[in-house]
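Listed below, chain by chain, are the residues.
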Amino acid sequence: MGNEISSSLIAKNSKFTPEELERLSKKFKKLDLDKSGSISSEEFMSVPEMKSNPLAQRIITLFDSNGDGEVDFREFIATLSLFSVKSNKEEKLKFAFRIYDVDNDGLISYKDLVNALKMMVGKNLTDYQINQICARTMTFSDVDDDAGGKISFEAFSKVIEDMNIHNKMILEF
């Protein structure tokens, strides 16, 4: 897991027990196929669940918080902490929001929604169908109309609060 200082900092800043961190360290090392100390997009895609997830590349981008194209152990643990039972509802919802905020400006625009939907459906829908879905979604979701035709985190949270998304965003470690 690296040196003592970085290991203790990771443990302090995560929501995991030392035992869970040890298990996650082993999983990280298994994913790090080239033993470089970080996980590339290709290495992530070796996980069957990621390979079949249409949002896999977007999720990998969110793991890579420093944007260097690789996920180190600190980034790995920081992101997985969001899926811990100890992570709160707002943290989970912020991660879900960031999946759709493709341009990372803190708001979900029509263009963000189109890009995210295209990632999810691939070529299964026409551009016309995608635009129809996005137009309806924007109308329905911009409930507070405070973001100038974009969806704020607060509006996003209001729209999905009854779906209990945060309860579905829990992984066993």
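Cut-offs used in this document
- Residue positions are counted from 1 within each chain, in the order its sequence is given.
- For this predicted model, a pLDDT threshold of at least 70 governs which residues receive local features, and a threshold of 80 or more governs which side-chain atom pairs are given and counted, while totals over whole chains, interfaces and linings are taken from all residues.
- Values shown for side chains rest on all heavy atoms present in the structure; no hydrogens or waters enter the calculation.
- A helix here means a DSSP run of H or I that spans at least four residues, while a strand means a run of E at least two residues long, and both kinds are numbered starting from the N terminus.
- When a residue's accessible area, from a 1.4 Å probe over protein chains only, is under 20% of the maximum for its type it is buried; when over 50% it is exposed; and in between it is partly exposed.
- For this analysis, residues touch if any pair of their heavy atoms sits within 4.5 Å.
- Here the accessible surface of atoms and residues is derived via Shrake-Rupley with a 1.4 Å probe, and residues count as covered only by protein chains that are part of the display.
- Only four residue types enter the charge count, namely Lys and Arg as positive and Asp and Glu as negative; His and the chain termini do not.
- For this analysis, a salt bridge means a side-chain nitrogen from Lys or Arg found within 4 Å of a carboxyl oxygen belonging to Asp or Glu.
- A cavity here means a set of 1 Å grid points, computed over protein atoms only, where a 1.4 Å probe fits but cannot escape. A pocket is an open set with protein on both sides within 12 Å along at least 5 of 7 lines, and lining residues have an atom within 4 Å of a point.
- Grid points are joined across faces, edges and corners, and a volume is the space filled by probe spheres set on the points.
- Amino acid classes used here: Ala, Val, Leu, Ile, Met, Phe, Trp, Tyr, Cys and Pro are nonpolar; Asp, Glu, Lys and Arg are charged; the rest, including Gly, are polar.
- Classification of ring pairs rests on two measures: the distance between centres of Phe, Tyr or Trp rings, Trp counted by its six-membered ring, which must be within 6.5 Å, and the angle between planes, read as stacked under 30 degrees, edge-to-face over 60 and tilted in between.
- Here the expected span of a helix is defined as 1.5 Å times the quantity of residues minus one.
- UniProt positions are given in the numbering used here, feature names are shortened, and annotations may be inferred rather than shown by experiment.

In the annotation of an unreviewed UniProt entry, the entry for the chain reads EF-hand domain-containing protein, and the organism field reads Polypedilum vanderplanki.

Q: In this structure, what is going on with the overall build of the chain? I would like to understand it.
A: Within the chain one finds eleven helices and two strands. Scored against the burial criterion, the 173 residues of the chain give a buried share of 40%. When contacts within the chain are restricted to residue pairs at least 6 apart in sequence, long-range pairs at least 24 apart make up 52% of them. Carbon and sulfur atoms provide 55% of the accessible area of the chain, an area that totals close to 10,200 Å².

Q: Honestly, the side chain of Asp64 in this entry has me stumped. Any pointers?
A: Here Asp64 is to be found in the loop between helix H5 (56–63) and strand S2 (70–72). Buried Asp64, no salt bridge; nearest opposite-charge side chain is Arg74, N-O distance 7.5 Å.

Q: What's the story with the layout of surface pockets in this structure? I'm lost.
A: Over the atoms rolls a probe the size of a water molecule, and in doing so it shows where empty space is left. Roughly 1,200 Å³ of internal volume is contained in the largest pocket. In this structure, the largest pocket is lined by 41 residues; those nearest its centre are Asn53, Ile59, Phe83, Phe95 and Ile99. At five residues, helix H9 (residues 127–141) tops the list of elements feeding residues into the lining of the largest pocket. Across the lining of the largest pocket, the residue classes tally to 33 nonpolar, three polar and five charged.

Q: Explain the packing of aromatic side chains here, please?
A: Geometrically, a pair of aromatic rings is defined through the distance of the ring centres and the angle of the planes. If you walk through the whole model with that rule in mind, you get nine aromatic pairs. Here the aromatic rings of Phe83 and Phe95 are separated by 5.2 Å at their centres, their planes lie at 80 degrees, and the arrangement is edge-to-face. Of this pair, Phe83 sits in the loop between helix H6 (73–81) and helix H7 (89–100) while Phe95 sits in helix H7; the two residues are twelve residues apart in sequence, bridging distant segments of the chain. On the basis of relative accessibility, which here comes to 13%, the residue Phe83 falls in the buried class.

Q: Can you help me understand helix H8 (residues 110–121) in this one?
A: Side chains three or four residues apart in an α-helix point the same way, a direct result of the helix having 3.6 residues per turn. In this model H8 runs 16 Å from its N-terminal to its C-terminal C-alpha over twelve residues, within 8% of the 16 Å that 1.5 Å per residue would give. When we look at burial in H8, the residues that qualify are Asp112, Leu113, Val114, Ala116, Leu117 and Val121. The inward-facing, buried residues of H8 contact H7 and H9. Phi for Gly122, located one or two positions after H8, is positive at around 55 degrees.

Q: Whenever I open this one, the UniProt feature "domain: EF-hand" (unreviewed entry) in the chain confuses me. Can you help?
A: Within the UniProt annotation, "domain: EF-hand" (unreviewed entry) is assigned to residues 19–54, 56–86 and 88–123. Secondary structure across residues 56–86 divides into 55% helix and 10% strand, with the first and last C-alpha atoms of the span separated by 24 Å.

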